[in-house]
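Structural overview
One-letter residues, chain by chain:
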Amino acid sequence: MADDFHKPTLFEGRSFEAFKGGEDPAQINRVAHETAGALLSRVREDPQPEVIDRLLAFTDDHGIDAVAELWSRASPRSLPGSLWRIYLLRVLIRQDPEQASYFFERGTEVIPSIDPVVAGAESPTGPKEITELADQILRGLFTGDFAIALERAAAFCRIMAQGCLSIADDAEIGAPETASTLTTRALRFETIGDELTRSAALWRTDELD
């Protein structure tokens, strides 16, 4: 990673809508898989609390670009691609927990599934609770069942997607541009949720590389 990152890099909403991942050159792809595999295996073998805390706070200290440099272009159904998506979601939540909790709460009201139970957030879910949920999911990658952590993140994404769509419907007449932005954001959440669900299934069959 670069050594010159000192302040977190803000990840703007429009960057989230534009995020599509991409194909890596062979060298970058190899480094992404090697670093993700080494990190995960090392920490899970000896999950010391202070190490976990540093991993949780990494993007707070160095910015999301430090993680993106390693893993953002990996396949969405790979270990580095999955780690990138979890870190990305945590950054989005922590940069605007009030908005995130607003979308999440609306999503829990309208989603016709057990995803709120799977996600595991406290109810009602305010800024504090949504931030704690992000930390719990990321921590679960290193200390708990990796597939369950991915499924919790996927459930979170589906809830957020439903919340964005519901609020977009409210804004469609009076604020069509806002409605369009929220619809695009909902699609991105839905897509990432699907990718994380698939990754969880691959992990359980030992096929997530």
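Anything mentioned here points back to the structure above.
Residues numbered from 1 in each chain as written. Predicted model: local features only at pLDDT ≥ 70, side-chain atom pairs only at ≥ 80, totals over all residues. Heavy atoms only, no water.

Side note on unusual backbone geometry
- Cis geometry marks the peptide bond from S123 to P124, where omega comes out at 0 degrees.
- Looking at the secondary structure, you find P124 in the loop between α8 (115–119) and α9 (127–143).
- We note that D206 has phi near 60 degrees; this positive angle belongs to a residue other than glycine.
- Tracing the backbone shows D206 in the segment after α11 (176–204).
- In this structure D206 comes out as exposed when scored by relative accessible area, which is 74%. (Helix = DSSP H or I, 4+ residues; strand = E, 2+ residues; numbered from the N terminus. Buried < 20%, exposed > 50% of the residue type's maximum accessible area, 1.4 Å probe, protein only.)

Brief notes about the packing of helix α10 (residues 146–171) against α11
- The contact between α10 and α11 brings their axes to 7 Å, and the two run at 165 degrees. Judged by the inter-axis angle, α10 sits roughly antiparallel to α11. With respect to the hand of their crossing, α10 and α11 are arranged in left-handed fashion.
- For the contact of α10 with α11, the per-class residue count stands at 24 nonpolar, five polar and five charged. (Axes fitted to C-alpha atoms, helices over the stretch in contact; angles between N-to-C directions. Parallel < 35°, antiparallel > 145°, perpendicular 65-115°, else oblique. Left-handed = near helix turned anticlockwise from the far one by under 90°. Nonpolar A, V, L, I, M, F, W, Y, C, P; charged D, E, K, R; others polar.)

Re the side chain of R185
- Here R185 shows up in helix α11.
- Of note is the side chain of R185, whose polar atom sits 3.3 Å from the side chain of Q99. (Polar contact = N/O pair within 3.5 Å; in protein donor to acceptor, adjacent residues only side chain to side chain.)

Describing helix α2 (residues 26–45)
- The end-to-end C-alpha separation of α2 is 28 Å, in line with the 28 Å expected for 20 residues at 1.5 Å each.
- Along α2, the residues that are buried comprise A32, A36, L40 and V43. One side of α2 carries all its buried residues, which in axial view fall inside an arc of 80 degrees. Seen from the open side of α2, the exposed residues pointing more than 90 degrees away from its buried face are A26 and E45. (Expected span 1.5 Å × (residues − 1). Arc of directions from axis to C-beta.)

Focus on empty space enclosed by the protein
- Overall, the coordinates contain two cavities of 30 Å³ or more when judged by the stated rule.
- Considered as a void within the structure, the largest cavity measures approximately 60 Å³ in volume.
- Residue lining of the largest cavity: I86, L89, R90, I93, A134, I137 and F156, and that is the complete set.
- Elements that contribute at least two residues to the lining of the largest cavity include exactly α6 (79–95) and α9.
- Tallying contributions element by element places α6 first for the lining of the largest cavity, with four residues.
- Its residues assigned to classes, the lining of the largest cavity shows six nonpolar, no polar and one charged.
- Every residue lining the second largest cavity is listed: G120, A121, E122, E129, E132, L133 and Q136. (1 Å grid on protein atoms, 1.4 Å probe; cavity = no way out; pocket = protein on both sides within 12 Å on 5 of 7 lines; lining within 4 Å. Points joined across faces, edges and corners; volume = space filled by probe spheres on them.)

Overview of the pattern of salt bridges
- According to the stated counting rule, one finds 11 salt bridges in the structure shown.
- For R90, the salt bridge is made with D135, and the minimal N-O distance between the two is 2.7 Å. One end of the pair, R90, is in helix α6; the other, D135, is in helix α9, with 45 residues separating them in the sequence.
- Taken together, the salt bridges that share partners define one network made up of D60, R90, R94 and D135. (Salt bridge = Lys/Arg side-chain N within 4 Å of Asp/Glu carboxyl O.)

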